[in-house]
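Secondary and tertiary structure notes
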Amino acid sequence: MAITKDQVIVEVWEKTAKDVVSASDLTMIRDALIQRFGSDSSPASIARVLADHGARLGHPEILQADTRWREHQHIFAPDDLAFDTIDAALAFIEKLRQARDQPSLRQSVQQIKHELDYLATSLKAPASRRAVAREAAQWLTVWLQNPQIFPEWLDLRRSTDEFRELFGTFPSP
């Protein structure tokens, strides 16, 4: 029996016995994850797990399903999730600070952190993007642990020598 989310994703997919992953397959897998773990995963993250296990993806359909899913989340737009630069990560954090506390906010942040952790270790991504992903994932870890102290923690983090060496200096938010 599958124990982790990744194992459940692969197990449910293998039961379909299809050649190409479709949007309906992603919905079925998301439903299984919600039933098993009480939390959702983005279609893109599910597709990534399946691709890592050799499944062929119906790319346009996967992208459309992920876009619809993210729009339904009503918290962050796709442009908010670029994380190409430290400025983009800081802009995301500013939007996170302004977000209303909604039941889905914490779950969305957990999913984004999971995806950033993956990006931070991906050898396919440029080193600069991996560094930004690692940094932003660290920020989200702290936010998830204690959102009340996060603004002060982030100010302290941005003033460290390590941060300045990696990303330079930026004005305070």
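Residues numbered from 1 in each chain as written. Predicted model: local features only at pLDDT ≥ 70, side-chain atom pairs only at ≥ 80, totals over all residues. Heavy atoms only, no water.

**A closer look at helix α5 (residues 86–98)**
Spanning 13 residues, α5 covers 19 Å between terminal C-alpha atoms, matching the ideal 18 Å at 1.5 Å per step. Considered for burial, the residues of α5 that qualify are I86, A89, L90, F92, I93 and L96. The buried residues of α5 occupy one face: seen down the axis, they fall within an arc of 155°. (Helix = DSSP H or I, 4+ residues; strand = E, 2+ residues; numbered from the N terminus. Expected span 1.5 Å × (residues − 1). Buried < 20%, exposed > 50% of the residue type's maximum accessible area, 1.4 Å probe, protein only. Arc of directions from axis to C-beta.)

**Topic: the layout of surface pockets**
Gaps left between atoms are located by rolling a probe of water-molecule size over the structure's atoms. One number sums up the size of the largest pocket: a volume of about 880 Å³. Lining the largest pocket are 25 residues, with A44, R48, E115, Y118 and R129 positioned closest to its centre. Of all the secondary structure elements, the ones that give two or more residues to the lining of the largest pocket are α3 (43–52), α4 (59–73) and α6 (103–121). A total of six residues in the lining of the largest pocket trace back to one element, the largest contributor, which is α4. The class makeup of the residues in the lining of the largest pocket is 15 nonpolar, three polar and seven charged. (1 Å grid on protein atoms, 1.4 Å probe; cavity = no way out; pocket = protein on both sides within 12 Å on 5 of 7 lines; lining within 4 Å. Points joined across faces, edges and corners; volume = space filled by probe spheres on them. Nonpolar A, V, L, I, M, F, W, Y, C, P; charged D, E, K, R; others polar.)

**Quick look at the pattern of salt bridges**
Under the definition given, this model contains seven salt bridges. With its nearest N and O atoms 2.9 Å apart, the salt bridge here joins D84 to R129. Within this pair, whereas D84 is found in the loop between α4 and α5, its partner R129 is found in helix α7 (residues 127–145), the two being separated by 45 residues in sequence. Judged by its relative accessible area of 27%, R129 is partly exposed. Look at the salt bridges and you will find they share partners, linking E135, R157 and E162 into a network. (Salt bridge = Lys/Arg side-chain N within 4 Å of Asp/Glu carboxyl O.)

**Focus on the side chain of S22**
In this fold, S22 is placed in the loop between β1 (20–21) and α2 (23–37). By relative accessible area, which is 13% here, S22 ends up buried. Not counting residues up to four positions away in its chain, the partners in contact with S22 are E61 and I62. (Contact = heavy atoms within 4.5 Å.)

**What about the nonpolar core?**
Among the nonpolar cores identified, the biggest contains 31 residues, and F83, F92, L96 and W139 are the most heavily contacted of them. Listing elements by their share of this core, those giving two or more residues are α5, α6, α7, α8 (150–158) and α9 (161–167). Apart from the residues lying within four places of it in its own chain, the contact partners of F83 are A88, A89, F92, I112, L116, R129, V132 and A136. Core analysis: the next-biggest nonpolar cluster, separate from the first, contains 20 residues, A2, V8, A23 and L50 among them. (Core = buried A, V, L, I, M, F, W, Y, C linked by side-chain atoms within 4.5 Å.)

**What about unusual backbone geometry?**
In this structure, A17 takes a positive phi of about 55° despite not being glycine. If you trace the backbone, A17 turns up in the loop between α1 (5–16) and β1. Given a relative accessible area of 67%, A17 falls into the exposed group. For F83, which is not glycine, the phi torsion reads 50° and is therefore positive. Within the fold, F83 resides in the loop between α4 and α5.

**Some remarks on the packing of α5 against α8**
The geometry of α5 relative to α8 is characterised by a closest axis approach of 12 Å and an angle of 165° between their N-to-C directions. Taken together, the axis directions place α5 and α8 in an arrangement best described as roughly antiparallel. Considering the relative orientation of α5 and α8, their crossing is left-handed. Only F150, P151, L154, D155 and R158 of α8 make contact with α5, whose side of the interface consists of L90, I93 and R97. Here the residues of the contact of α5 with α8 are counted per class, giving five nonpolar, no polar and three charged. (Axes fitted to C-alpha atoms, helices over the stretch in contact; angles between N-to-C directions. Parallel < 35°, antiparallel > 145°, perpendicular 65-115°, else oblique. Left-handed = near helix turned anticlockwise from the far one by under 90°.)

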